[in-house]
Amino acid sequence: MKRLDLISARLKSDEALTVAGLSEEFGVSSRTLSRDIQILRDQGLPIEADRGRGGGIRLHRTWGIGRVNFSYSEAIDLLVSLAIAEQMKSPFFMAELAPIRRKLLASFSPRLKDEISDIKSRIRVGEVASHMVLSAFSAPHPAVVEVLHQAFVTRHCLDISYRSIEGRLTRRRIEPHYLLLHSPVWYVLAFDHLRQAIRTFRCDRIEKATVQDTRFSVLGIDMFEATLKDLDVIGP
């Protein structure tokens, strides 16, 4: 019914409305308007109305919550961000992080949900980066971060263009097993197919990244212990 659509649009306009005012606007009786309101409620619109002939009418203040749609890459980024926040164990926001993560996971397919349920354990948070490290640091390119997150979460190999400390650019195929934060500098703990060995890559030195079809199984963190001990978070 066209009138129901118009009433719904008026309620969503966030204007101060009354039953009497809407009845007059649409040329119907208060009883008819009340019947229309009930139909809209039955359709899922959370409408509140004050008692009385001239009572106010409005949508519940949380009516839009739960209707936010994320793209796949946005959902992946949000999952990683939640995992980071949980690993940092800040008491400020911790109360709501777990239920938010569960609701977000529920939006993925069962197969993908099983695959990404372990990302919290694959993110490590260390000490704050030193001034020397920060002097050579620049924020990673957003496009690189997006692709890196996708490959990390879904356990796909990643082709990267990587610039070394000396400025030499090389192409690598890596398996991004873990992410490590020495705030604000991010590192990827990976298996490097070029070197056939465990390696650590600074995210801000990755200039280009492309997800590959090849999958990998996550190695235990103990496989990276030697690399973590050798990681230079003091030098540039």
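Predicted model only: the values in this text are computed from it and were never measured. (Residues numbered from 1 in each chain as written. Predicted model: local features only at pLDDT ≥ 70, side-chain atom pairs only at ≥ 80, totals over all residues. Heavy atoms only, no water.)

Enquirer: So, helix α3 (residues 30–42): which residues are in play, and what are the values?
Expert: Under the 1.5 Å per step criterion, the end-to-end length of α3 is 18 Å for 13 residues, consistent within 8% with the ideal 18 Å. Within the sequence span of α3, burial applies to Thr-32, Leu-33, Asp-36, Ile-37 and Leu-40. Down the axis of α3, the buried set is contained in an arc of 140 degrees. They therefore lie on one face. Within α3, the exposed residues directed more than 90 degrees away from the buried face are Arg-31 and Asp-42. Buried residues along α3 sit in contact with α1 (2–12), α2 (19–26), β2 (47–49) and β3 (56–59). (Helix = DSSP H or I, 4+ residues; strand = E, 2+ residues; numbered from the N terminus. Expected span 1.5 Å × (residues − 1). Buried < 20%, exposed > 50% of the residue type's maximum accessible area, 1.4 Å probe, protein only. Arc of directions from axis to C-beta. Contact = heavy atoms within 4.5 Å.)

Enquirer: I'd like a description of unusual backbone geometry, backed by residues and values.
Expert: The omega angle of the peptide bond from Ser-183 to Pro-184 is 0 degrees, so this bond is cis rather than trans. By secondary structure assignment, the location of Pro-184 is in the loop between β6 (169–182) and β7 (185–192). Despite not being glycine, Arg-155 shows a phi value in the positive range, around 60 degrees. Although it is not a glycine, Gln-196 adopts a positive phi angle of roughly 55 degrees. Secondary-structure assignment places Gln-196 in the loop between β7 and β8 (197–202). With relative accessibility at 55%, the residue Gln-196 sits in the exposed group.

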